[in-house]
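Here are the chains, one letter per residue:
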Amino acid sequence: MEPLDIDLDEGELELPADPMHLNMGPSHPAMHGTVRIVLELSGETIVKADVQVGYLHRGFEKMCERGTWAQVFPYVDRLNYVSPMLNNVGYALAVEKLCGIAVPERCQWYRMALGELARISDHLTCNGAMAMELGAFTPFLWFVKAREMVWDILEEETGARLTHSFGRIGGMANPPTADFKAMCGMAVGKILGLVEEGEKMLLKNRIFIDRLQNVGPISGAEAVSLGWTGPCLRSTGIAYDIRKAHPYLKYDEVDFDVPVGTRGDTLDRFLCRLGEIRQSKRIIEQCIERMPDEGPINSDDPRVVLPGKTDVYTTIEGTIQHFKLIMEGAKVPAGEVYSYTEGGNGELGYYLVSDGSGTPYRVRIRPPCFQITGGLHRLIEGRMLADIVPTFGALNMIGGECDH
Amino acid sequence: MSQLVLDKLKARFGAAILATHSDFGDDTALVEPAQWKAISTFLREDPDLDFDLPVDLCGVDYPSRGAAGRTEVVMHLYSIGKKHRIRLKARVGDEDMDGAELESVTSIWPGMNWLERETWDMSGVRFVGHPDLRRILMYPEFEGHALQKTYPADRIQPLVPYRTEEEAGVPLEKQAPFGPDEGMAFGRTANNISRAEVD
Amino acid sequence: MGDVNRTLALDASEQGYATTRVDALLGWARKYSLFAYPFVTACCGMEFMALTSPRFDLARFGAEAPRFSPRQSDLLWVVGTISQRQAPVLKRIYEQMMAPKYVLAFGTCASSGGFYDNYTTVAGIDKIIPTDVYIPGCPPRPEAVMDGLMLLQDRIARNERRPGIVKPRFDPVQAASGLVQLRRSAKDPSEVLPAIQQEEAKTKALREGGS
Ligand code: SF4
């Protein structure tokens, strides 16, 4: 082994003049999600960053072309796996747009309530994970605890903690359970309590604020030209929220605000998400107040909706219809459609092409965080190495969605 | 509301707009591939249209179209200020995807950068003038374009050699009854052609 | 550690009994100080997060300490889908780990590829690296993961390296009488049950005989 301390005359040690190349990821502790960043550093300043995604490419779009329209639901669950319910609802709405069916009112309220629960879980995870990566472990534990409460409700409703596959074309798999409203009513308050506790710890912490404030700022116009949507865009002050701009379901009937930031930096993104948790709580409260207790949950269109179990077992028409829907899939009229909803990260779009058969011809998802991650290099170039962690954390890159 | 967009396009570009429709309320224009960039620039810069948000770009493969333009490149745009959308389509390439090229619009919307790379990677459409047209989702060693209908869904191209069966202690090949058509919807085969077409 | 191990083992083997004891001792020691390297890629990572959270608290099993350097860790959690592109990374991390090393496949994707049977995914990490315990589920519930961890610890303690699979707590075989009979030919459940149990016992005997 070489001696550790070499006696050097002054000026003898030559420092490298070339920029240093550093490879971050794809398995890096601070990179939840799998992304690789090849950095060119000058000292600790990033000169050039090449963000590489695709480490979690699972061929979602190809897989969709193999099954029936209904078999896509399990796959969409695993796109944005922090808020699967929003993806479910988004996809269901897209197919319904193509089929031209509307779901009953009760289902719309139900979808909204579940979707907002999922949004809470999404934002909790994002903010919690970002705080954890900056070393604040306790708020993470609280946020995860709050998330468990959300998941408990979702599990009670759908049977699965994370991957629900609960949406159906023309409705939902099951009507709300009898306790749904009570559970929601109880949980949202508690969740908000936990969020407030965690928030107090973080936002009164000088170190935390210093690491977020003025880190990775972006102007509104630039964010738009990059194709950003969702909380990341809203943090720059542009209040583009699909729930307000193009209301779907019953979003035009509920009362909520769109939190926006001013500077478009990491702190604003963090605060926007916290603000949205509060708004989601408001929406949920209105949903459970206005959701009818009785009434059908599925549309009665026999082309796409499975017949009731008693019909299947007792009538020949029911059996045949069931068989056809399961084996051949619901026949979706030929055509193309683009349907968009507000996902956890922004505009979640589905572009569907149908050739009139029971199998999708093409399912294209527009994942919001793909373009957001595409803009990451703009935020970190010229900054310090350590700024990557909060900046990346606040963009909420979700591997499954970003990499398709 | 946004018939305006299509009208303006038709007035300005005339014959380059091959077809339009507004099914399901989505305004769509099928355009001449050669005019792709000019139309995009117009959509971005016309103050009445002002499409500032690049929403999406993807390719849809229609092998049966053959020479008439096998891949359809589909672009979605949105205007935050005017609240309208448009879908722009262009058909490129022949049966072997020769000449599947479009002019890059990355200089108009920086957000199109990754989307164009993705479309190249998945559908095999080249974007001329793109600053850095590399694969994005797949690795550079990957051959072919996965979302073309002719690419078999289960053809893998491993980067690391698999362990041998003795080492792994498990069979590495698919066991019966699982075959290439496993999981396919009734009446379909693995290459997403209907069985009727095969027979 | 390596040296100590060998000397003791040699000494002991002459006396004919101590080898196992040292192994057992080591196994016991290893069992409760698993330093984990979470190789988290996909949706299962959400459940992994939940697992470290207060409610499920992985720390109870002495396996909560994550080490993000493969050289310091001895348990590799493969959490989520491994794509072909990710495979070289996984293999390299595995090779960098120091023996004894254990691999835990978390979720169906890591175990077998799950329902992503296509051009881009590796159909199970055992195609690339040896795997000790498979935890099925998409994603597995945290309880199942704990079962898997305990199974692994049990194997470590017994120094057994054959792969194990986490079974459902609720064994459908035991509940055969409660299942709906789909086929007419199936006899009365009470008749079928003994046969199934016999079959079970046979497999069990085989399994134990082997180990
Ligand atoms: S097993 Fe299921 S939940 Fe886990 S990574 Fe695979 S798809 Fe996701």
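Everything here concerns the structure above.
Draft legend 1. Inspection of the interface of chain B and chain A at higher detail. Taken together, the contact pairs 51 residues of chain B with 51 residues of chain A. Summed over both partners, the interface of chain B with chain A comes to about 4,300 Å²; 56% of that surface belongs to carbon and sulfur atoms. For the pair chain B and chain A, the interface holds eight salt bridges. E347 of chain A is paired through a salt bridge with R85 of chain B; the nearest N and O atoms lie 2.9 Å apart. Here chain B is connected to chain A by 24 residue pairs in polar contact (both at pLDDT 80 or more). Going through the elements one at a time, β3 (53-61), β4 (71-78), β5 (85-92) and α3 (112-123) of chain B are the ones with two or more residues in the side of chain B that touches chain A. Broken down by element, the residue count for the side of chain B that touches chain A peaks at nine residues, all from β3 of chain B. Residues of the side of chain B that touches chain A, tallied by class, amount to 29 nonpolar, eight polar and 14 charged.

Draft legend 2. Here's a closer look at the site of the ligand. Taken together, 14 residues form the shell around the ligand, and within it C43, C44, T108, C109 and C138 of chain C come nearest. Neighbouring residues of the ligand are not confined to one chain but are distributed across chains A and C. Broken down by element, the shell around the ligand gets its largest block of residues, three residues, from helix α5 (residues 107-112) of chain C. Residue composition of the shell around the ligand, by class: seven nonpolar, five polar and two charged.

Draft legend 3. Geometry of helix α11 (residues 266-290) of chain A. Helix length check: α11 of chain A (25 residues) gives 36 Å between terminal C-alpha atoms against 36 Å at 1.5 Å per residue, within 8%. Most of α11 of chain A sits out of view: 19 of its 25 residues are buried.

Draft legend 4. Highlighting the sheet that holds strand β2 (residues 75-79) of chain C. Residue and element names in this part refer to chain C. The strand order β1-β2-β3-β4-β5 describes an open sheet built from five strands, whose pairing is parallel. Since the sheet does not close on itself, it has two edges, and those belong to β1 (36-40) and β5 (164-165), each with one partner. Sheet analysis places β1 next to β2, joined by five bridges and oriented parallel. Counted as the bridge partner of A36 is L75 from β2. Helix α3 (residues 44-52) contacts β1, β2 and β3 (102-106) of the sheet and is inclined by roughly 130 degrees relative to β2.

Reading guide: rules and limits
Residues numbered from 1 in each chain as written. Chains lettered and ligands numbered in written order. Predicted model: local features only at pLDDT ≥ 70, side-chain atom pairs only at ≥ 80, totals over all residues. Heavy atoms only, no water. Contact = heavy atoms within 4.5 Å. Buried area = accessible area lost by both parts, 1.4 Å probe. Salt bridge = Lys/Arg side-chain N within 4 Å of Asp/Glu carboxyl O. Polar contact = N/O pair within 3.5 Å; in protein donor to acceptor, adjacent residues only side chain to side chain. Helix = DSSP H or I, 4+ residues; strand = E, 2+ residues; numbered from the N terminus. Nonpolar A, V, L, I, M, F, W, Y, C, P; charged D, E, K, R; others polar. Near = heavy atom within 4 Å. Expected span 1.5 Å × (residues − 1). Buried < 20%, exposed > 50% of the residue type's maximum accessible area, 1.4 Å probe, protein only. Pairing = 2+ DSSP bridges. Axes fitted to C-alpha atoms, helices over the stretch in contact; angles between N-to-C directions.

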